[in-house]
Amino acid sequence: MDLFSEEKQVFNLPDAELIYYPNFLSKQEADQLFDTLKQETDWQEDDIKIFGKVYKQPRLTTLYGENNQPYAYSSITMNPKPFTHEVKAIKTKIETKTEHQFNTVLLNLYRNGNDSNGWHADNEKELGKNPVIASLTIGEERPFHFKHRKFKEERHKLILKHGSLLIMKGAMQHHWLHQIAKTKKAIGERINLTFRKLVSL
Ligand SMILES: O=C(O)CCC(=O)C(=O)O
Ligand SMILES: [Fe+2]
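Residues numbered from 1 in each chain as written. Chains lettered and ligands numbered in written order. Predicted model: local features only at pLDDT ≥ 70, side-chain atom pairs only at ≥ 80, totals over all residues.

**Student:** In this structure, what is going on with the site of ligand 1? I would like to understand it.
**Tutor:** Surrounding ligand 1, one finds Leu106, Asn108, Asn117, Asp122, Ser135, Phe144, Leu160, His178, Ile180, Asn192 and Thr194. Taken together, the elements giving at least two residues each to the shell around ligand 1 come down to β9 (104–110), β15 (176–180) and β16 (190–196). For the shell around ligand 1, a count of residues per class yields four nonpolar, six polar and one charged. (Near = placed C-beta within 6 Å. Helix = DSSP H or I, 4+ residues; strand = E, 2+ residues; numbered from the N terminus. Nonpolar A, V, L, I, M, F, W, Y, C, P; charged D, E, K, R; others polar.)

**Student:** Would you mind showing me how to read the nonpolar core here?
**Tutor:** It is characteristic of soluble globular proteins that their nonpolar side chains tend to be buried jointly. The biggest cluster of nonpolar side chains holds 38 residues, and the ones touching the most others in it are Val105, Ala134, Leu136 and Leu165. When residues in this core are grouped by element, the largest group, five residues, is from β9. Sequence-distant contacts of Leu136, defined by excluding residues within four places in its chain, comprise Phe24, Ile90, Ile94, Leu165, Asn192 and Leu193. (Core = buried A, V, L, I, M, F, W, Y, C linked by C-beta atoms within 7 Å. Buried ≥ 20, exposed ≤ 12 C-beta atoms within 10 Å, placed from the backbone. Contact = placed C-beta atoms within 7 Å.)

**Student:** Is there a simple way to think about unusual backbone geometry in this case?
**Tutor:** Glycine aside, residues mostly have negative phi angles, and peptide bonds mostly take the trans form. Notably, Phe51 is not glycine yet its phi reads approximately 45°, a positive angle. By the secondary structure assignment, Phe51 is in the loop between β4 (47–50) and β5 (53–56). Given 4 C-beta atoms within a 10 Å radius, Phe51 is considered exposed. The backbone of Glu99 shows a phi angle near 60°, a positive value even though the residue is not glycine.

**Student:** I keep staring at the UniProt feature "domain: Fe2OG dioxygenase" (unreviewed entry) in the chain and nothing clicks. Help me out?
**Tutor:** Feature annotation in UniProt places "domain: Fe2OG dioxygenase" (unreviewed entry) on residues 101–199, given in this structure's numbering. End C-alpha to end C-alpha, residues 101–199 measures 12 Å, and it is 4% helix and 49% strand. (UniProt positions renumbered as here; feature names shortened; annotations may be inferred.)

**Student:** It is not clear to me how the environment of Lys91 should be interpreted in this structure. Could you clarify?
**Tutor:** Along the chain, Lys91 falls in helix α2 (residues 85–98). A count of 22 C-beta atoms within 10 Å places Lys91 in the buried class. Placed 21 residues apart in sequence, Lys91 and Pro70 show a C-alpha to C-alpha distance of 19 Å. Ignoring any residue separated from it by four or fewer positions in sequence, one finds Lys91 in contact with Phe83, Phe102, Val105 and Phe195.

Here's what the structure looks like:
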């Protein structure tokens with residue numbers, strides 16, 4: 001049975017552990033963090049290569065890390081900048097709540113409904129086996145879709161609220177894919193922070 005409460009929702013899924021804290025930040029905390037990150041982040045627009053053709057990644061990103069280890073995903077290699085005071089404070093708050101440690105965070109800015117993040121798993125080698133990924137959402141709500149690679153009936157969606165925290169763990173990155181799809185709706189900006197732990201290879 002799924003365990004649901006105001007504070008914490010635990011989803012009962014095959015090959016994955018998914019925990020959602022809808023009200024991780026208060027509205028006021030989330031509003032303030034959004035304004036700070038929007039203004040203070042040095043947002044990058046990277047090129048991605050798909051079958052040899054170069055496109056703009058459909059969102060802006062930046063990477064913070066505690067060490068200088070680069071993080072490579074899709075066709076992009078990102079070099080971390082040092083954590084800012086605000087993001088470090090959020091990392092500590094998430095570590096306290098989840099009892100997991102993180103050393104890297106990828107920030108995504110979805111400027112409007114045309115920005116997206118295609119089907120993928122966070123399964124890069126430097127994340128290790130069964131990584132714990134903590135995903136904080138601020139700004140516009142977007143549906144988070146996730147589907148099992150083999151069990152075709154296992155397709156779900158969860159609306160990620162302003163100030164919410166989603167934890168993906170267990171074998172989720174091996175057996176499931178996730179995405180933030182484009183939408184034709186006129187919607188505003190959304191910032192997402194995915195905290196990860198990179199291990200040295
Ligand atoms: O924006 C989101 O909620 C998901 C981000 C994501 O999957 C990623 O950065 O790997
Ligand atoms: Fe992801």
